[in-house]
Amino acid sequence: MTDDKLVRMANQIATFFATQPDADKASKVAAHLTDFWDPAMRAQLSAYAAQGGTGLDPLALDAAKLL
């Protein structure tokens, strides 16, 4: 999968969880990624975040660091 598509998908998930009342939104995003993304996608997102995570929503970036 391209990094652009991965970033777009992660940002969409982060946008949804940003509107939720939960206090630890990054953990909720990370849990969603763990539940619904395959291991290769999670690994790619983690690697992308480790390289700076350009374009990732701050919440998506925080979640990627928790994976």
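Described in the following lines is the structure provided in the data block. Note that the coordinates shown come from a computational prediction; the quantities given were computed from them, not determined experimentally. (Residues numbered from 1 in each chain as written. Predicted model: local features only at pLDDT ≥ 70, side-chain atom pairs only at ≥ 80, totals over all residues. Heavy atoms only, no water.)

1. Structural notes on the side chain of Arg42
Then comes step 1: Position of Arg42 among the secondary structure elements: in helix 3 (residues 39-50).
Then comes step 2: Here Arg42 sits buried without a salt bridge, and the closest side chain of opposite charge, Asp38, lies 6.5 Å off (N-O distance).
Then comes step 3: For Arg42, the residues in contact, after removing those within four places along its chain, are Leu33, Thr34, Trp37 and Leu67. (Helix = DSSP H or I, 4+ residues; strand = E, 2+ residues; numbered from the N terminus. Buried < 20%, exposed > 50% of the residue type's maximum accessible area, 1.4 Å probe, protein only. Lys, Arg positive; Asp, Glu negative; His and termini not counted. Salt bridge = Lys/Arg side-chain N within 4 Å of Asp/Glu carboxyl O. Contact = heavy atoms within 4.5 Å.)

2. Examining the environment of Trp37
Then comes step 1: Here Trp37 shows up in the loop between helix 2 (25-36) and helix 3.
Then comes step 2: Setting aside residues up to four positions removed in sequence, Trp37 forms contacts with Leu6, Met9, Ala10, Ile13, His32, Arg42 and Leu45.

3. Remarks on the nonpolar core
Then comes step 1: Of all hydrophobic cores here, the largest spans 21 residues; its most connected members are Ala10, Ile13, Val29, Leu33, Trp37, Leu45 and Leu56.
Then comes step 2: With 6 residues, helix 1 (residues 3-18) is the single largest residue contributor to this core. (Core = buried A, V, L, I, M, F, W, Y, C linked by side-chain atoms within 4.5 Å.)

4. So, the packing of helix 1 against helix 3
Then comes step 1: Two numbers describe how helix 1 lies on helix 3: the axes approach to 11 Å, and their chain directions differ by 95°. Relative to helix 3, helix 1 is oriented roughly perpendicular. The residues of helix 3 that touch helix 1, namely those facing Asp3, Leu6, Val7, Met9 and Ala10, are Met41, Gln44, Leu45 and Tyr48. (Axes fitted to C-alpha atoms, helices over the stretch in contact; angles between N-to-C directions. Parallel < 35°, antiparallel > 145°, perpendicular 65-115°, else oblique.)

5. Examining the packing of aromatic side chains
Then comes step 1: Under the criterion given, the structure shown has 1 aromatic pair.
Then comes step 2: Arranged with centres 5.0 Å apart and planes meeting at 85°, the rings of Phe16 and Phe17 form a pair that is edge-to-face.
Then comes step 3: By relative accessible area, Phe17 is classed as buried at 15%. (Phe/Tyr/Trp six-rings, centres within 6.5 Å; stacked < 30°, edge-to-face > 60°.)

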